[in-house]
Amino acid sequence: METLMLPFSPRFIVLTICAVVTALLLAIGIVDHNPKVFDILLIPMIIFGGLTLLGIRDLLQKNHAILRNYPISAHMRFLLEEIRPEMRQYFFESEKDGMPFSRDTRAVVYQRAKMVLDKRPFGTQEDVYREGYEWMNHSVAPKVRSEEKFRISIGGPDCTRPYSASVFNISAMSFGALSPNAVRSLNAGAKKGGFAHDTGEGGVSPYHRENGGDIIWEIGSGYFGCRHRDGSFDPEEFARVATDDQIKMVELKISQGAKPGHGGVLPAAKVSEEISKIRGVAVGEDCISPATHRAFSTPLEMMAFVGNMRKLSGGKPAGFKMCIGHPWEFLAICKAMLESGIYPDFIVIDGNEGGTGAAPLEFMDHLGMPMREGVNFVHNALIGINARDRIKIGASGKIATAFDMARAMAIGADWCNSARGFMFALGCIQSLSCHTDRCPTGVTTQDPIRNRALVVPHKTERVYNYHHASLHALAELLAAAGLEHPQDLRPIHFSQRSSTTEVCSFAERYPALRPGELLEGTEDRRFRDGWAMARADSFAPAG
């Protein structure tokens, strides 16, 4: 009896109704010979007949248990799951909700990119008494807002062609991850605003060159754009590209914040003739970025490689980018600097809050040091070996506003890079579909129909406006604190609530090493054990 009643149970009733309605409509059409009646019934018959066939297919398929138990009706679950991010974003998020970036942060980038009013009414929506709340201290003797463009010179004693860089630049995003029009717009905006555009590890594409903006060329473990056919580094090809006047600095990518220690594969089907030419890989073959470099395997070899990059580029600033992992490994690089006498001109520190088109959940959520801790660790390590004055530090990881920049520079950064901030300026709506090739705004897709949505002259203005307005906001923050340049920022200028009743200065949270302290022998627990474990001839710990 129970089996006979199954078609009328909540699980199967939708299929039963569709089947019954289909049968009734078909019977009426057969019995009534009036052609007009059949024409009227045809469309409902197709709809209910199609749903009935779908329900039968759901019953017979073996991949989805929920469809076998709830034919037809279970598809509503998949539909709701598909639109869940949009529903949450548009109807349920508060101004301070939303990850990775809150609605309020996205809104201020859009407003600055469009040069419309970016002010907020009626007071802060932050809970200023919650644990972790941070603020910048102001001065009772504020300065007049500086009109300076806030630039720094990058290039140590061994660099013959230092670069005057903005303190706010476009972080590494490859062509292939970004659409042609996105790359064009970013580089044209960088040209107009006088700031730099990092290529990402995908090579220097024609779209990077088209508008003449300053380029930082990033070289990853795949050596795209400067490799032999077997995937090894090609110094001659590197020199040919790196000596181009548009390229201002060369950067070796050791790891990326969102997926440190993880390689990547661009499937053969996506390796078009254009990608093949730009990256120097064969058409129709998997394009592999190994998890580790082939050109070096020890800290000393890594420093030699950085020094060779500087030489091959004609004396331009050469450095590397990484997310800090094992502390002793970066300290091993510091020992290699001391032993070899080869120092990078800059180091870019990415944090595990950094973005990527796609990464395994465990890597994205739980691997690598956050940017602020990483920047401060590197800043102090370089102070500890008396090398801080010759090496500049860039910070990359969830930077979108002037406060983000000021905070990073207070704890050790000389300049900041932003990727997702500039993506918002292009029109990104945080749809979280970067890895699907179905980006709704044309920013992260190679579909020519989708990326035509980006009108380059318009988006160029928005990239320029966002950079300009962000530096304007930074200048206002500095003036309110009684400072004139971001290089004047120190940890003492920021505070954090450690509980509802206790506050600590960043100077307490991020204590500084003394110059040369690592060389003398430190008792600071953050560095003591790591320094003892570090060795210049290997990334493996000593002992």
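Because the structure is a prediction, the values reported are computed rather than measured.

Parameters at a glance
- Residues numbered from 1 in each chain as written.
- Predicted model: local features only at pLDDT ≥ 70, side-chain atom pairs only at ≥ 80, totals over all residues.
- Heavy atoms only, no water.
- Helix = DSSP H or I, 4+ residues; strand = E, 2+ residues; numbered from the N terminus.
- Buried < 20%, exposed > 50% of the residue type's maximum accessible area, 1.4 Å probe, protein only.
- Contact = heavy atoms within 4.5 Å.
- Areas by Shrake-Rupley, 256 points an atom, 1.4 Å probe, with all protein chains shown as cover.
- Lys, Arg positive; Asp, Glu negative; His and termini not counted.
- Charge placed at Lys NZ, Arg CZ, Asp CG, Glu CD.
- Expected span 1.5 Å × (residues − 1).
- Polar contact = N/O pair within 3.5 Å; in protein donor to acceptor, adjacent residues only side chain to side chain.
- Pairing = 2+ DSSP bridges.
- Axes fitted to C-alpha atoms, helices over the stretch in contact; angles between N-to-C directions.
- Parallel < 35°, antiparallel > 145°, perpendicular 65-115°, else oblique.
- Nonpolar A, V, L, I, M, F, W, Y, C, P; charged D, E, K, R; others polar.

### Some words on the overall build of the protein
Okay, so step 1: What the protein contains, in helices and strands, is 20 helices and 15 strands.
Okay, so step 2: Taking the principal axes of the C-alpha coordinates as reference, the protein spans close to 100 × 60 × 55 Å.
Okay, so step 3: Counting across all 543 residues of the protein, residues that qualify as buried make up 50%.
Okay, so step 4: Counting contacts in the protein only where the partners sit at least 6 residues apart, residues at least 24 apart contribute 68% of the total.
Okay, so step 5: On the protein, roughly 25800 Å² of surface is accessible, and the fraction owed to carbon and sulfur atoms is 58%.
Okay, so step 6: Counting 60 positive and 61 negative side-chain charges, the protein places the averaged centre of each group 3 Å from the other.

### Description of helix α13 (residues 371-384)
Okay, so step 1: With 14 residues, α13 should reach 20 Å at 1.5 Å per residue; the first-to-last C-alpha distance of 20 Å fits that figure.
Okay, so step 2: The buried count for α13 comes to 12 of 14 residues, which makes it a mostly enclosed element.
Okay, so step 3: When α13 is considered as a whole, its buried residues turn out to be Met371, Gly374, Val375, Asn376, Phe377, Val378, His379, Asn380, Ala381, Leu382, Ile383 and Gly384.
Okay, so step 4: Downstream of α13 by one or two residues, Asn386 has phi in the positive range, about 60 degrees.

### Regarding the side chain of Ser171
Okay, so step 1: Within the element layout of this structure, Ser171 appears in the loop between β4 (168-170) and α6 (180-193).
Okay, so step 2: Of note is the side chain of Ser171, whose polar atom sits 3.1 Å from the side chain of Ser396.
Okay, so step 3: Ignoring sequence-local partners within four residues, the contact set of Ser171 consists of Asp198, Ser396, Asn417, Ser418 and Ala419.

### Brief notes about the sheet that holds strand β14 (residues 494-497)
Okay, so step 1: The three strands lie next to each other as β1-β14-β15, forming an open sheet whose pairing is antiparallel. Since the sheet does not close on itself, it has two edges, and those belong to β1 (134-136) and β15 (503-505), each with one partner. On average, adjacent strands in this sheet sit at an angle of 25 degrees to one another, irrespective of strand direction.
Okay, so step 2: Direction of pairing for β1 relative to β14: antiparallel, over a ladder of three bridges. When the sheet's bridge partners are listed, Glu134 is paired in β14 with Gln496.
Okay, so step 3: Together, β1 and β14 form the strand contacts of helix α14 (residues 402-410), whose direction differs from that of β1 by roughly 85 degrees.

### Description of the packing of helix α5 (residues 103-114) against helix α17 (residues 456-480)
Okay, so step 1: In the contact formed by α5 and α17, the axes pass within 7 Å of each other and the chain directions differ by 110 degrees. It follows from the interaxial angle that α5 and α17 lie roughly perpendicular. Side by side, α5 and α17 meet where Val109, Arg112, Ala113 and Lys114 of the first sit next to Glu461, Arg462, Asn465, Tyr466, Ala469 and Ala473 of the second.
Okay, so step 2: In terms of residue class, the contact of α5 with α17 is built from five nonpolar, one polar and four charged.

Purely spatial values, then, with no claim about function.
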